[in-house]
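# Structural description and commentary
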Amino acid sequence: MRIAIIRLSAFGDVVIASSMLAGLKLFYNCSIEWFIDERFSGIIEDSPYIYKIHSLPFKKLLKSVIGILKIKEYCDNCGYYDIVIDMQGLIKSALIGKFLKTQYFVGFSIKSARESLASIFYTHRVKIPYDENILKRNFKIIFEYLPDTRINLKKVLTVRNQSLGVNHHVLDKNLIKLFIPTSHIQQTFNFFFVLEASIHNKMYPVEKYAILAHYLHTFLEMQQCRFYFTWHDNEEIANNLVMLLAKQSILAYKLPKLDFNTLKFCIAQMDCVVGGDTGVTHLAWAMGKHCITLYGNSSTTRSKNMRNTKLQRVLLGNPYVVSKSNSFEISSIDPQEIFQVFKCEIMNTESTKN
């Protein structure tokens, strides 16, 4: 069975959608192909479950008639698919799917899609509230029209950490050495703090990260704590955190700008990731790592790309802390709250494993 998945963007959405791949391949003898904007193709590169990635500058091409015709020409040459699934629910993603050859073009219904007009392109429509949990929506859009009723979301999520891959052959050797323990006697506990986000209100202040690091370092006194973070647009933020942690004699490592492959490798080395509702935090969840996600106010988020999104859409099985302020921001969250979630939920999980 040949399946085409359309999820063009963005970082966090692609990551969350990818969590379904291992489960899909586990239950079906299928060849999975993914249509994605070239800006985000690195997220799913090296996935052992994707046969082919169709990576094009879709965002750029969709801005002109000539570009759209180029997309159509490309899709005409892709051959026939047993099923095409639009996971995005936008007019642009539905248009791309319409260009592909299939009798089963699955998408969200008029009341379920983010852009309701997209539903007119589909031959088969899935009904699920737009405000439903994002994982339940992803599960339903993929598996609704596949022939096996024994599959459930829980089974799919148990193998989510297998969905993404890393190309170890192109990694920098010095970066790899950074994660080799300095002592074979003392156990290490690696933390990753997510410093930046596309929306400022999803960024946690470095001063509060420093306080959180102090709590964690003190609590795990019998282990060697290491704190890692990277930067993308603002290196000064990372430099400030290095300075604040150095004053406390806490081991801190400022990583360079990372491509998607290196980022996946670094996240794989972590024991816990803390950050706002953004792509890197979701990546940690998808890779099966402990993570604590920081959210805005407790009822609905009001940022430009999460209009009226209800909090119950958060990732299942992911401990989180919610700001108690009246505005959509995470900066008011007390570091002590985050520490308590780590101590009560994550450490309890670790104790159960042992």
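In short, a report on the structure. Bear in mind that the values here come from a model prediction, so they are computed numbers and not experimental data.

Thresholds, definitions, all that
- Residues numbered from 1 in each chain as written.
- Predicted model: local features only at pLDDT ≥ 70, side-chain atom pairs only at ≥ 80, totals over all residues.
- Heavy atoms only, no water.
- Salt bridge = Lys/Arg side-chain N within 4 Å of Asp/Glu carboxyl O.
- Buried < 20%, exposed > 50% of the residue type's maximum accessible area, 1.4 Å probe, protein only.
- Helix = DSSP H or I, 4+ residues; strand = E, 2+ residues; numbered from the N terminus.
- Pairing = 2+ DSSP bridges.
- Right-handed = clockwise from strand over helix to strand, strands pointing away.
- Axes fitted to C-alpha atoms, helices over the stretch in contact; angles between N-to-C directions.
- Contact = heavy atoms within 4.5 Å.
- 1 Å grid on protein atoms, 1.4 Å probe; cavity = no way out; pocket = protein on both sides within 12 Å on 5 of 7 lines; lining within 4 Å.
- Points joined across faces, edges and corners; volume = space filled by probe spheres on them.
- Nonpolar A, V, L, I, M, F, W, Y, C, P; charged D, E, K, R; others polar.

### So, the pattern of salt bridges
Oppositely charged side chains can form a pair if their charged atoms are brought close together. Under the definition given, this model contains eight salt bridges. Asp13 serves as the salt-bridge partner of Arg7, at 3.5 Å between the closest nitrogen and oxygen. Classification of Arg7 by relative accessible area gives buried; the value is 10%. What makes Asp13 partly exposed here is its relative accessible area of 34%.

### Points about the pairing of strand E8 (residues 224–229)
The buried fraction of E8 amounts to six of the six residues, a majority that puts the element mostly inside the structure. Across the two faces of E8 the burial is the same, with Gln224, Arg226 and Tyr228 and Cys225, Phe227 and Phe229 all buried. In this structure, strand E7 (residues 188–193) lies alongside E8, joined through five bridges in parallel fashion. Directly across from Phe191, in E8, lies its bridge partner Phe227. Crossover connection from E7 via helix H10 (residues 206–219) to parallel E8: handedness right-handed. Examined bridge by bridge, E8 and strand E9 (residues 251–254) share four bridges and lie parallel to one another. Paired with Phe229 across the two strands is Lys254, which belongs to E9. Running through helix H11 (residues 235–246), the crossover from E8 to the neighbouring parallel element E9 is right-handed.

### Some details on the sheet that holds strand E10 (residues 272–276)
Ordered by their spatial adjacency, six strands build an open sheet running E9-E8-E7-E10-E11-E14, and the pairing between neighbours is parallel. With partners counted over all chains shown, the strands left at the sheet margins are E9 and strand E14 (320–322), one partner each. Each strand of the sheet is rotated relative to its neighbour by a mean of 20°, with strand direction disregarded. Contacting E7, E10 and strand E11 (290–295), helix H13 (residues 279–286) crosses the sheet at an angle of about 145° to E11.

### Focus: the environment of Val274
You can see Val274 is positioned in strand E10. In sequence terms Val274 and Asn190 are 84 residues apart; their C-alpha atoms lie 11 Å from each other. Setting aside anything within four residues of it in sequence, one finds Val274 in contact with Phe192, Phe193, Val194, Tyr209, Leu212, Ile292, Leu294 and Ile338.

### Description of the sheet that holds strand E3 (residues 52–56)
Pairing in this open sheet of six strands is parallel, and the strands run E3-E2-E1-E4-E5-E6 from one edge to the other. Pairing within the sheet leaves two strands with one partner each, and these edge strands are E3 and strand E6 (124–126). Here the strands of the sheet are splayed against their neighbours by 20° on average, with no regard to which way each runs. Relative to strand E2 (residues 31–37), strand E1 (residues 2–6) is paired through five bridges, and the arrangement is parallel. Within E2, the residue paired with Ile6 across the bridge is Phe35.

### Overview of the layout of surface pockets
By volume, the second largest pocket is sized at about 240 Å³. As for the second largest pocket, its lining consists of 15 residues, and the residues nearest its centre are Arg160, Lys289, His290, Gly317 and Pro319. Those elements that provide at least two residues to the lining of the second largest pocket are E11 and helix H14 (335–353). Considering every element that reaches the lining of the second largest pocket, the biggest residue donor is H14, with four residues. Taken together, the residues that form the lining of the second largest pocket break down as six nonpolar, five polar and four charged.

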